[in-house]
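Now for the letters of each chain:
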Amino acid sequence: MNQHHTPQRGTAGRSAGFDRRSFLRYTLMAGGAAGALGAAGVLSACSSGSSGGSGASSTNPKVQLSWQKNIEFAGEYWALEKGYYQKAGVGTPELLTGGGAGTGVETGLTSNKVWIGMTAPQLTAPVILQGAKLKTVAATFQKNPFCIVSSAAKPINTPQEMKGKKIGVQASNENVFKALLTANGLTESDVQKITVQYDPTPLTKGEVDGWVAYITNEPITLAEQGFENKAFLFADFNLPLVAETLVVRQETIDNERDKLKAFLKADIQGWYDAIADPAGSAKLAVTKYGKDLGLDEAEQVKEATAQNTLVVSDDTKANGLLTMTDALIAENIEALAKAGYQIKPEQIFDMSLIKEVYEEDPTLKRA
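Residues numbered from 1 in each chain as written. Predicted model: local features only at pLDDT ≥ 70, side-chain atom pairs only at ≥ 80, totals over all residues. Heavy atoms only, no water.

A. Representation of the packing of helix H4 (residues 74–81) against helix H13 (residues 278–289). For the pair H4 and H13, the least separation of the axes is 10 Å and the interaxial angle reads 80°. Classified by the interaxial angle, the pair formed by H4 and H13 is roughly perpendicular. Across the interface between the two elements, Ala74, Tyr77, Trp78, Leu80 and Glu81 of H4 pack against Gly280, Ser281, Leu284, Ala285, Lys288 and Tyr289 of H13. For the contact of H4 with H13, the class distribution of residues is 7 nonpolar, 2 polar and 2 charged. (Axes fitted to C-alpha atoms, helices over the stretch in contact; angles between N-to-C directions. Helix = DSSP H or I, 4+ residues; strand = E, 2+ residues; numbered from the N terminus. Parallel < 35°, antiparallel > 145°, perpendicular 65-115°, else oblique. Contact = heavy atoms within 4.5 Å. Nonpolar A, V, L, I, M, F, W, Y, C, P; charged D, E, K, R; others polar.)

Here it is, written out as structure tokens:
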């Protein structure tokens, strides 16, 4: 897979989104743990103990992002801009660009090179099952952005409507697509799965009927190119996995609980600002944090607006951003099982810290 930013079509901002498919999906479910990290590498990292240590307790903690510095990390940008991290006492976190070789969050954590990272349960679960002591302590996206995008002229509105249709599926997304089928009582024989690359041009040419995509990206970029489309979220059809989860080592929870809570507080504040100002978020991504990516500001505003619908839910309105209810955790455990990962809630999730953060400062939660 191409793991580097190489513009191929449209503006540089658009190509960042298309090229992203070669690594993103957080390499979700790409052949289990090996697909994302390399089983041998994970096991080696797990057995390396605390060697390195550069990310463990530095003044300015290293934060491994799941991808390049585009709109996805708007909350962190705002937290840096407004000094929330410094006010909370965690210094100025160093945001490390992800999406390339050797930048997997779980690898960074297990090798003790980063302090915290943004990832997804499908990547974290298999590494934990191999013995890594990692925990998810918050979830930015209450819904994962996976979707099936199709032509507005011939829309596919539900998994059932995929029957008999040609669906473009990237190699790295075969497992998550299979999980969608399983979760909805379908099998691979019910659809015509077409192995594709990451540029959705075949969809615009009618070579396939549907395309595995990210709701915050391809539907927007395709529409900008004049291709009217429809999309349905995997999360709305029995695969309610969260995304952009904040994951740390268990030893960080044990030994640096207050610092971790302070980081979460600042992150929460940043995300409330990001939700309130999509245009400002886009400007930060385009002109400062991702200025070398050639991002298109108008598109980033649209992606920020779409992203907000994944970050905000009825539950976060009630409990605060980045939280997970017990019910949502249970749904994720069930979804992980459908994807082939049998794991218990307490093995992967620990929401006690973020609950304490809100209990200690109820003013954090905004209307």
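B. Highlighting helix H16 (residues 326–338). Along its 13 residues, H16 runs 19 Å from first to last C-alpha, staying within 8% of the 18 Å computed at 1.5 Å per residue. Buried within H16 are the following residues: Leu328, Ile329, Asn332, Ile333, Ala335 and Leu336. Burial along H16 is one-sided: seen end-on, the buried residues are contained in an arc of 165°. For H16, the secondary structure elements touched by its buried residues are helix H7 (121–129) and helix H17 (345–348). (Expected span 1.5 Å × (residues − 1). Buried < 20%, exposed > 50% of the residue type's maximum accessible area, 1.4 Å probe, protein only. Arc of directions from axis to C-beta.)

C. Molecular detail of the environment of Pro145. On the secondary structure map, Pro145 appears in the loop between strand S4 (134–141) and strand S5 (146–151). A sequence separation of 98 residues divides Pro145 from Ala243, and the C-alpha atoms of the two residues are 7.8 Å apart.

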